[in-house]
Amino acid sequence: MKYFKYHAIGNDYIVIHPSEINIPLTTDTIKRICHRNFGVGSDGILFGPLKSDRCDFKLQILNPDGSEAEKSGNGLRIFARYLWDSGLVKSSTQFSIETLGGDVLCNVSKDGKSVTVNMGTVSFESEKIPVTGTPREVLNEEITIDSKTLKYCAATIGNPHCVVLSEEPTEEIARRLGPFIETDTRFPNKINVQFMKVLDRNNIRIEIWERGAGYTLASGSSSTAAAATAFKLGLCDPDITVHMPGGKITLKFTNVFSATMTGPVTRVCEGLMTEEMFK
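Residues numbered from 1 in each chain as written. Predicted model: local features only at pLDDT ≥ 70, side-chain atom pairs only at ≥ 80, totals over all residues. Heavy atoms only, no water.

Draft legend 1. Examining the side chain of Ser258 more closely. Topologically, Ser258 is positioned in strand E17 (residues 258-264). When near neighbours in sequence (up to four residues on either side) are disregarded, Ser258 contacts Asn118, Gly120, Thr121, Lys252 and Phe253. (Helix = DSSP H or I, 4+ residues; strand = E, 2+ residues; numbered from the N terminus. Contact = heavy atoms within 4.5 Å.)

So, in structure tokens, the structure goes:
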């Protein structure tokens, strides 16, 4: 099975074209491919391009645990770069991609190393995210984890996010508290978690615990949700750079929270998975 591997500031994905599949992509198969000791190793699989009735391309995003993700900002940028590398799209030409979490528009830079994605509109409405309880915008609420009370906001950009306001976000905090927040009963579909510190009017820093993947060096949808939250709370202006352990992504918002994301993509390698790997 042929594959292509890319990373977007440390968030790595394997791209598999549907024509290359010679075994079913079962949960066990996905887990084996993504395993960093027994497989190729990645934060997920991008399966496509698939046929879409409304967009130029369709993408299926698979998490390392075998579940399907609605949307991934880094995954979309990587997939756009793959389409460009494959000659299916041209530089500076806008094209559309269908995902489970909504349709997006993409542009690839002339050298292919930077991709801009119109991520859609961020919503803080509890019914859309979803978050249990009365219908509301989920802003500045409290959650108690491990005897510690945290203030959080929740948002969706096609997939759910919990943005925790933090004085000093660290990997240790993300790894320790992230799993409990991800699976808290108030989030019926589970949730991605970001621990966010506002640096100034145009910069934030986050640490990420990703639903279905765990601790992650970078995330485009997490960056979008966290930056939108900072803008919504009046802590930042509409142009925001998100700093993560893997690198930086820039976000621009309209006054109705439509988000445009720009960030780098790096091609890592391509290769063939052997039948022996799956035995």
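Draft legend 2. Region of the structure containing helix H1 (residues 27-34). Burial in H1 covers these residues: Thr29, Ile30, Ile33 and Cys34. Buried residues of H1, seen end-on, are gathered within an arc of 125 degrees and therefore sit on one face of the element. Where H1 is buried, its residues meet strand E2 (11-16), strand E3 (45-50) and strand E4 (57-62). (Buried < 20%, exposed > 50% of the residue type's maximum accessible area, 1.4 Å probe, protein only. Arc of directions from axis to C-beta.)

Draft legend 3. Spotlight on the pairing of strand E13 (residues 203-210). Among the 8 residues that make up E13, 7 are buried, leaving the element largely enclosed by the rest of the structure. With 7 bridges joining them, strand E12 (residues 192-200) and E13 adopt antiparallel strand pairing. Counterpart to Gln194 in the pairing with E13 is Ile208. Taking the residues between adjacent antiparallel strands as the criterion, E12 and E13 are bridged by 2 residues. As judged from the 3 bridges shared by E13 and strand E15 (residues 239-244), these two strands associate in the parallel manner. (Pairing = 2+ DSSP bridges.)

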